[in-house]
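# Chain and residue survey
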Amino acid sequence: HAKAQGRHRLQFFEPGINDHISQRLKMEQALRLALSNRELSLHYQPQYSLRTGALTGFEALLRWHSAELGYVGPDRFIPLAEETGLIAPIGEWVLRSACEQGARWRAEGMEVAIAVNVSACQFRHDLPDLVASALESTGLPAGLLVIEVTETALMQDLEQTAAMLLQLRALGVRIALDDFGTGYSSLAYLKRLPLDKLKLDRAFIQSLPDDSDDTAIVRAMLDVARHLGLETVAEGIETPQQQAFLDGVGCAEGQGYLYARPMPAEQATDFMREAQIPAY
Ligand code: C2E
Ligand code: MG
Ligand code: MG
Ligand code: MG
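Treat the numbers as computed from the prediction; the structure is a model and nothing was measured.

A few words on the nonpolar core. Generally speaking, a soluble globular protein has its nonpolar side chains buried in company with each other. Core analysis: the biggest nonpolar cluster contains 78 residues, and Trp-105, Leu-145, Val-218 and Leu-246 have the highest contact counts within it. Once residues within four sequence positions are removed from consideration, Leu-246 is found in contact with Leu-50, Ile-205, Leu-208, Val-218, Ala-234, Ile-237 and Cys-251.

Now for the coordination of the magnesium ion (ligand 3). Looking at the metal site, the magnesium ion (ligand 3) is ligated by Asp-178 (OD), Asp-179 (OD) and Glu-235 (OE), spaced 2.0 to 2.3 Å from it. Here the donor residues of the magnesium ion (ligand 3) share one chain and are spaced in sequence as D-D-x55-E. In this structure, the magnesium ion (ligand 3) lies 3.8 Å away from the magnesium ion (ligand 2), the two metals sharing Asp-178 as a donor. Taken together, the residues span a long stretch of sequence, with Asp-178 in strand β6 (residues 174–180) and Glu-235 in the loop between β8 (231–234) and α10 (240–248) at a distance of 57 residues. The two residues Asp-178 and Glu-235 agree in class, both being buried.

Moving on, we come to empty space enclosed by the protein. For the structure shown, the criterion picks out 2 cavities of 30 Å³ or more. Quantified by volume, the second largest cavity comes out at close to 30 Å³. What lines the second largest cavity is Gly-91, Glu-92, Leu-95, Val-118, Gln-122, Leu-127 and Leu-130. Mapped onto the lining of the second largest cavity, the elements with two or more residues apiece are α3 (87–107) and α4 (127–138). Element by element, the count of residues in the lining of the second largest cavity is highest for α3, at 3 residues.

Further remarks concern the packing of aromatic side chains. Following the criterion strictly, the structure yields 5 aromatic pairs and no others. Centroid distance Tyr-44 to Trp-105: 5.1 Å. Interplanar angle 75°. Geometry classified as edge-to-face. Residue Tyr-44 is found in strand β1 (residues 40–49), and its partner Trp-105 is found in helix α3; the two are separated by 61 residues along the sequence. Ring geometry for Trp-64 and Phe-77: centres 5.5 Å apart, planes at 80°, overall edge-to-face. In this pair, Trp-64 is assigned in strand β2 (residues 55–66) and Phe-77 in helix α2 (residues 74–84), connecting sequence segments 13 residues apart.

Our focus in this paragraph is the site of ligand 1. Ligand 1 sits among 22 residues. The nearest are Arg-63, Ser-119, Asp-178, Glu-238 and Tyr-257. Interatomic distance of 2.9 Å between a side-chain N/O atom of Arg-202 and an oxygen atom of ligand 1. For ligand 1, an oxygen atom lies 2.8 Å from a polar atom in the backbone of Tyr-257. Protein burial of ligand 1: of its 810 Å² of free accessible surface, 85% is covered by the chains. Comparing atom positions with the cavity grids shows ligand 1 to sit within the largest pocket.

The next point concerns the pairing of β1. Taken across its 10 residues, β1 has 9 buried, putting it largely inside the fold. Sheet analysis places β1 next to β2, joined by 9 bridges and oriented antiparallel. Across the sheet, the residue bridging to Ser-41 is Arg-63, located in β2. Count of turn residues in the β1/β2 antiparallel hairpin: 5 residues, of which Gly-53 carries a positive phi of about 80°. In this structure, β1 lies alongside strand β10 (residues 263–264), joined through 2 bridges in antiparallel fashion. By the bridge assignment, Tyr-44 is partnered in β10 with Met-263. Where β1 lies against strand β9 (residues 253–254), 2 bridges are found, and the strand directions are antiparallel. Bridge assignment links Tyr-48 to a residue of β9, and that residue is Gly-254.

Reading the values: the criteria
Sequence positions are assigned chain by chain, starting from 1 and proceeding in written order. Both sets of labels track the order of writing: A upward for chains, 1 upward for ligands. Residue-level local features of this predicted model are given only where pLDDT is at least 70; pairs of side-chain atoms are given and counted only at 80 or more, and the full residue set underlies all totals for whole chains, interfaces and linings. In computing side-chain properties, one takes all heavy atoms of the structure into account and sets aside hydrogens as well as water. In these notes, a set of buried Ala, Val, Leu, Ile, Met, Phe, Trp, Tyr and Cys residues joined through side-chain atoms within 4.5 Å is what counts as a nonpolar core. Working definition: with a 1.4 Å probe on protein chains only, accessible area under 20% of the residue-type maximum means buried, over 50% means exposed, and in between means partly exposed. Working rule for contacts: check all heavy atoms of both residues, and any pair within 4.5 Å makes them a contact. Shown as donors are all N, O and S atoms within 2.8 Å of a metal ion, widened to 3.2 Å for Na, K and Ca; because water is not in the atom set, sites may appear incomplete. Runs of E in the DSSP output that reach at least two residues are strands. Runs of H or I that reach at least four are helices, and both are numbered from the N terminus. A pocket here means an open set of points on a 1 Å grid, computed over the protein atoms alone, that has protein on both sides within 12 Å along at least five of seven lines. A cavity is instead a set of points where a 1.4 Å probe fits but cannot get out; residues with an atom within 4 Å of a point line either one. Grid points are joined across faces, edges and corners, and a volume is the space filled by probe spheres set on the points. Only the six-membered ring of Trp is used, alongside the rings of Phe and Tyr, when aromatic pairs are assigned; centres must lie within 6.5 Å, and planes under 30 degrees apart are stacked while those over 60 apart are edge-to-face, with the rest tilted. Any residue with a non-hydrogen atom lying within 4 Å of a molecule or strand is treated as near it. Any pair of N or O atoms that falls within 3.5 Å is considered a polar contact. Within protein, one atom must be able to donate a hydrogen and the other to accept it, and sequence-neighbouring residues count only if both atoms are side-chain atoms. Throughout, the Shrake-Rupley method with a 1.4 Å probe supplies accessible areas, and for residues the shown protein chains are the sole cover considered. Think of it this way: if more than half of a molecule's atoms are within 2 Å of a pocket's grid points, that molecule is in the pocket or cavity. Two strands form a pair only when DSSP identifies at least two bridges running between them.

As structure tokens, then:
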């Protein structure tokens, strides 16, 4: 019993906390070996032009099937990878694998853009070099690569971030601002950062077209994008009504379960042969 062991001992009283810590340690140890054990893979989710229905690209999404822990979702292990620094080697692997896949599809006559998520902590001085080397070694044309970054990643050091984005763009790579509207950035940042695309967060898409707040917010975000000359993608489209609304208010592209869930590369290859979105 805790009291019997003295007042001044630091101790966790709730068994749940100790469990939580050992769980985390276990996951960290497993994640350290995930790359060399080949437990990581990429799934691909298609993106479409809402106006024409043409498939325009795929977002690469990381998956981890751990021998020890089973399937662990990115929302659980990406934060851990970021805290432990493991995101550096993992992120590099993601970048190379996604570029490799994009180049393979292109060689097979299926030219689609590939979007890769990049964490705040990968946003260091050597990112442009890593990207350049991934493009060079795989032969993927820079114009087919989109780097997705979140607002929080960009907020950390605006001057340095802007300089790095310029370097990336000089390579010919496009930059998308992911989860737009969920961070704390001011709209003023949008004009100071060299961006190409805004990805409207799923949170604003969910309740379309009935919720009058979300319809107003989405219209306003699309207005801002239009005035700044930015492309737009809506994420998390699940219904034909959401698709119709977004197309109607001028959102260029869409992605979501309505079209397809993220899937392994082989499945995405088959999927591409019938690249039309459902009629509405
Ligand atoms: P994200 O970049 O915003 O990716 C979109 C997430 O929404 C994905 O979750 C995708 O599966 C999910 N999604 C797509 N369409 C729908 C829909 O219609 N309905 C719903 N409910 N969800 C939908 P996922 O794959 O679990 O990834 C979660 C997050 O983990 C990503 O959010 C991204 O922030 C991060 N992540 C994934 N892969 C990587 C990676 O390779 N590197 C980094 N740094 N982060 C990654
Ligand atoms: Mg993303
Ligand atoms: Mg997103
Ligand atoms: Mg997200």
